[in-house]
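# Fold and geometry: a report
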Amino acid sequence: MTEETVSKRIPVVKNLKLLGDGTQGVLMGIVCKSCGEYSVGSPAFCPKCSSDELEEVELSKEGILRTYTVIYVPPPGWNGDVPYTLGQVTLPEGPDVLTEVIDCPREEIKIGMKMELVVRVAGKDDEGNEIVVHKWRPVR
Ligand SMILES: [Zn+2]
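In what follows, the accompanying structure is described. (Residues numbered from 1 in each chain as written. Predicted model: local features only at pLDDT ≥ 70, side-chain atom pairs only at ≥ 80, totals over all residues.)

## Brief notes about the overall build of the protein
What the protein contains, in helices and strands, is zero helices and 10 strands. Principal axes of the C-alpha set define a box for the protein whose edges measure 45 × 45 × 30 Å. Out of the 140 residues belonging to the protein, those deemed buried represent 16%. Taking the intrachain contacts of the protein between residues at least 6 apart in sequence as the baseline, contacts between residues at least 24 apart amount to 50%. (Helix = DSSP H or I, 4+ residues; strand = E, 2+ residues; numbered from the N terminus. Buried ≥ 20, exposed ≤ 12 C-beta atoms within 10 Å, placed from the backbone. Contact = placed C-beta atoms within 7 Å.)

Written as structure tokens, this is what we have:
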């Protein structure tokens, strides 16, 4: 395979950083140098103390399922399974990350279970690049 034929993998959200060959990823966040608060994404100011002394960090790829909900009516543009399960996972650093729970039958989903971040290809853009999304999967 030559370099030209390899399609790129592009994360659907800005704060998802792909690692290695793009089959793994990590969510990026910030830590406030003033109060130590962690946030997902890249806010301009600390949501807790409004400081702008922020440092970019890679967030944990594992967390604890805090709550979940089953979605029967997906938002426009959703091209995954319906119904699907949306899980809110609390990272060890503190912030919550809300995304789909996969690889788990609904009756086996339990509050408090350990989840890990995985990336999946959700489709292709107009240039043939793979669009990559992040999901939660139970740690087995
Ligand atoms: Zn702060």
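## A short note on the nonpolar core
Formed by Leu27, Leu59, Leu65, Tyr68, Val89, Leu91, Val97, Val101, Met115, Leu117 and Trp136, the largest nonpolar core amounts to 11 residues. If sequence neighbours within four positions are ignored, leucine 117 has contacts with Gly25, Leu27, Lys61, His134 and Trp136. (Core = buried A, V, L, I, M, F, W, Y, C linked by C-beta atoms within 7 Å.)

## Re the environment of glycine 41
On the secondary structure map, glycine 41 appears in the loop between β4 (38-40) and β5 (54-58). Taking the number of C-beta atoms within 10 Å as the measure of exposure, glycine 41 has 14 and is therefore partly exposed. Residues glycine 41 and isoleucine 30 lie 11 residues apart in sequence; the distance between their C-alpha atoms is 6.9 Å. Among all residues touching glycine 41, those that are not within four sequence positions of it are Asn15 and Gly29.

## Some words on the pairing of strand β7 (residues 84-90)
Here strand β6 (residues 62-71) runs beside β7; their pairing, made up of seven bridges, is antiparallel. Paired with threonine 69 across the bridge in β7 is leucine 86. The sheet contact formed by β7 and strand β8 (residues 96-101) spans six bridges and is antiparallel. Bridge pairing in β8 places threonine 85 opposite valine 101. Where β7 folds back on β8, the antiparallel hairpin that results is connected by five residues, among which glycine 94 adopts a positive phi of roughly 125°. (Pairing = 2+ DSSP bridges.)

## So, unusual backbone geometry
Residues apart from glycine generally show negative phi values, whereas peptide bonds are mostly found in trans. In this model, valine 82 is joined to proline 83 through a cis peptide bond whose omega is -5°. With respect to the helices, strands and loops of the structure, proline 83 is situated in the loop between β6 and β7. A positive phi angle, close to 70°, is found at serine 50, a residue other than glycine.

## Some thoughts on the pairing of strand β3 (residues 24-32)
Where strand β2 (residues 16-19) lies against β3, four bridges are found, and the strand directions are antiparallel. Directly across from leucine 16, in β3, lies its bridge partner leucine 27. With five bridges joining them, β3 and β5 adopt antiparallel strand pairing. Pairing of isoleucine 30 across the sheet is with glutamate 56, part of β5. In this sheet, β4 lies alongside β3 in antiparallel orientation, the contact comprising three bridges. Bridged to glycine 29 within β4 is valine 40.

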